[in-house]
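What follows is the residue order along each chain.
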Amino acid sequence: MLLRNVTDEDLPLFFEHQRDEVALRMAAFPSREREAFMTHWRTKVLRPENVTRAITVDGRAAGYISSWEQNGERLIAYWMGREHWGRGLATRALSEFLTVERTRPLHACVAAHNVGSIRVLEKCGFRAEPQQNPRHEDGVAELFMTLSP
Ligand SMILES: CC(C)(COP(=O)(O)OP(=O)(O)OC[C@H]1O[C@@H](n2cnc3c(N)ncnc32)[C@H](O)[C@@H]1OP(=O)(O)O)[C@@H](O)C(=O)NCCC(=O)NCCS
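Residues numbered from 1 in each chain as written. Predicted model: local features only at pLDDT ≥ 70, side-chain atom pairs only at ≥ 80, totals over all residues.

Novice: Explain the pairing of strand β4 (residues 73-80) residue by residue, including any values.
Specialist: Strand direction decides the pairing type here: strand β3 (residues 60-70) and β4, joined by 8 bridges, are antiparallel. From the neighbouring strand, Tyr-64 faces β4, where its bridge partner is Trp-79. Linking β3 to β4, which pair antiparallel, is a turn of 2 residues; within it Asn-71 sits at a positive phi near 50°. (Pairing = 2+ DSSP bridges. Helix = DSSP H or I, 4+ residues; strand = E, 2+ residues; numbered from the N terminus.)

If you want it as structure tokens, here you go:
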């Protein structure tokens with residue numbers, strides 16, 4: 001098993017991951033300052049109605065994967081520390097996560113330039129959908145990807 005429950009001790013590592021400039025450009029995602037990050041995780045991401053797991057490598061946290069409800073749709077997001085990229089871990093973690101998070105359809109919003117993440121999603125069965133509003137508010141083109149029932 002690659003996934004386990006997230007503990008408060010994991011949060012400083014996830015905080016560092018979401019400050020990595022290379023990852024931020026890839027995900028086209030704004031980072032949060034420490035306090036805002038901790039509050040966001042403790043009050044939103046770790047809500048019991050969400051499914052959130054740490055991705056582990058040799059028993060140590062290497063990233064996370066999470067799902068939540070937004071505007072009546074179930075969405076997922078994931079993030080790996082850069083030192084773990086390119087070894088198939090995100091693909092394995094998402095495959096395992098999909099046995100825990102059984103909601104279908106399941107969706108992911110991904111920057112159109114994030115070829116790694118798009119590939120991870122495609123390998124796990126997600127497909128890009130035509131979207132009504134295909135652009136992020138900051139102008140970054142996005143794909144809305146769906147795993148159908
Ligand atoms: C996207 C991310 C999760 C990928 O993690 P990973 O463990 O490196 O992914 P995998 O090793 O499972 O790669 C899966 C596929 O994507 C490809 N891939 C991964 N990163 C890539 C990149 N930067 N450019 C091109 N292809 C890439 C791999 O070659 C592999 O394809 P293949 O099986 O056909 O060879 C990781 O880079 C990350 O956390 N990025 C920052 C946060 C982010 O973008 N999150 C997703 C937001 S939607």
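So, next bit.
Novice: Residues and numbers for the pairing of β3, please.
Specialist: In terms of strand pairing, strand β2 (residues 51-57) meets β3 through 7 bridges, oriented antiparallel. Looking across to β3, one finds that Thr-56 is bridged to Ala-61. A loop of 2 residues connects β2 with β3, the two strands running antiparallel in sequence, and Asp-58 in this loop sits at a positive phi of about 50°.

Novice: Describe the site of the ligand, with residues and values.
Specialist: Within the structure, the ligand sits among 22 residues, and Ala-27, Ala-90, Thr-91, Gly-116 and Arg-119 are positioned closest to it. Put simply, the parts of the chain that give the shell around the ligand at least two residues each are α2 (21-27), β4, α4 (89-100), β5 (106-111) and α5 (115-123). In terms of residue count, α5 provides more of the shell around the ligand than any other element does, 5 residues in total. For the shell around the ligand, the residue count by class is 14 nonpolar, 6 polar and 2 charged. (Near = placed C-beta within 6 Å. Nonpolar A, V, L, I, M, F, W, Y, C, P; charged D, E, K, R; others polar.)

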